[in-house]
Amino acid sequence: MVREVQLRDGGLLRYDCELTSREKVEAFEVLAKQEPQVDIPTKHYFSKGIYAREIFIPAGTILTGHIHKYQNLNIISKGKIEVLVGDHLEIIEAPYTIVSPPGTKRIARAIEDTVWTTIHGTEETDVNLIEEIFICKTEAEYLEFEKQLQLPLMENHGGY
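Bear in mind that the values here come from a model prediction, so they are computed numbers and not experimental data.

Let us now look at the sheet that holds strand S9 (residues 88–93). Judged by pairing direction, the sheet is antiparallel, and its four strands sit side by side in the order S5-S11-S8-S9 without closing on themselves. The open sheet terminates on both sides in strands that have one partner only, identified here as strand S5 (62–64) and S9. Mean inter-strand twist for the sheet, computed between neighbouring axes without regard to direction, equals 25°. Alignment of S5 against strand S11 (residues 107–110), held across three bridges, turns out to be antiparallel. The residue bridging threonine 64 from the neighbouring strand is isoleucine 107, located in S11.

Put into structure tokens, the structure is as follows:
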């Protein structure tokens, strides 16, 4: 079944109701990559055992995030943003802090200029290597990562 949603900007979004939230986000990404891209200024901060990635999201911007391999801390320090959480939209207003579980991938629309910081525990300071360690580029890559995590657990329990 196809569902239509009227967007606030007057546009119309059509999607298959049978799709999971992740599939809907990925379908949106395919379409969005065909449009002009917005510059999202990024700042990187390092402290002992901590890496923080801060992004500035201009009001009106719709964006998607990466799939995170591990839980991480997110802090909204400025602004208001609408975020897809499961199958519903939530409006989040600064100040706001949340721990996101592994496998999280978000789609959001900044209602106001927003500053969002994601924090990872690591001694690494090479941003490209940090992305390799903490981020999956695709759902298939994340599922393979999850599978690899489970293998040692099975070996520790006699292989069953």
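Another point: the environment of cysteine 136. With respect to the secondary-structure elements, cysteine 136 resides in strand S13 (residues 135–136). Between the alpha carbons of cysteine 136 and lysine 105 there is a distance of 9.9 Å; along the sequence they are 31 residues apart. Not counting the four nearest positions on each side in its chain, cysteine 136 is found in contact with His66, Ile67, Lys69, Glu141, Tyr142 and Phe145.

By size, the foremost hydrophobic cluster in this structure holds 10 residues: Ile55, Ile57, Leu63, Ile76, Ile81, Val83, Ile92, Ala108, Ala110 and Trp116. The set of elements that each furnish at least two residues to this core consists of strand S4 (50–57), strand S8 (80–85) and S11. Every residue in contact with leucine 63, bar those within four places of it in the chain, is listed here: Ile55, Ile57, Arg106, Ile107 and Ala108.

About the thresholds
Residues numbered from 1 in each chain as written. Predicted model: local features only at pLDDT ≥ 70, side-chain atom pairs only at ≥ 80, totals over all residues. Heavy atoms only, no water. Pairing = 2+ DSSP bridges. Helix = DSSP H or I, 4+ residues; strand = E, 2+ residues; numbered from the N terminus. Axes fitted to C-alpha atoms, helices over the stretch in contact; angles between N-to-C directions. Contact = heavy atoms within 4.5 Å. Core = buried A, V, L, I, M, F, W, Y, C linked by side-chain atoms within 4.5 Å. Buried < 20%, exposed > 50% of the residue type's maximum accessible area, 1.4 Å probe, protein only.

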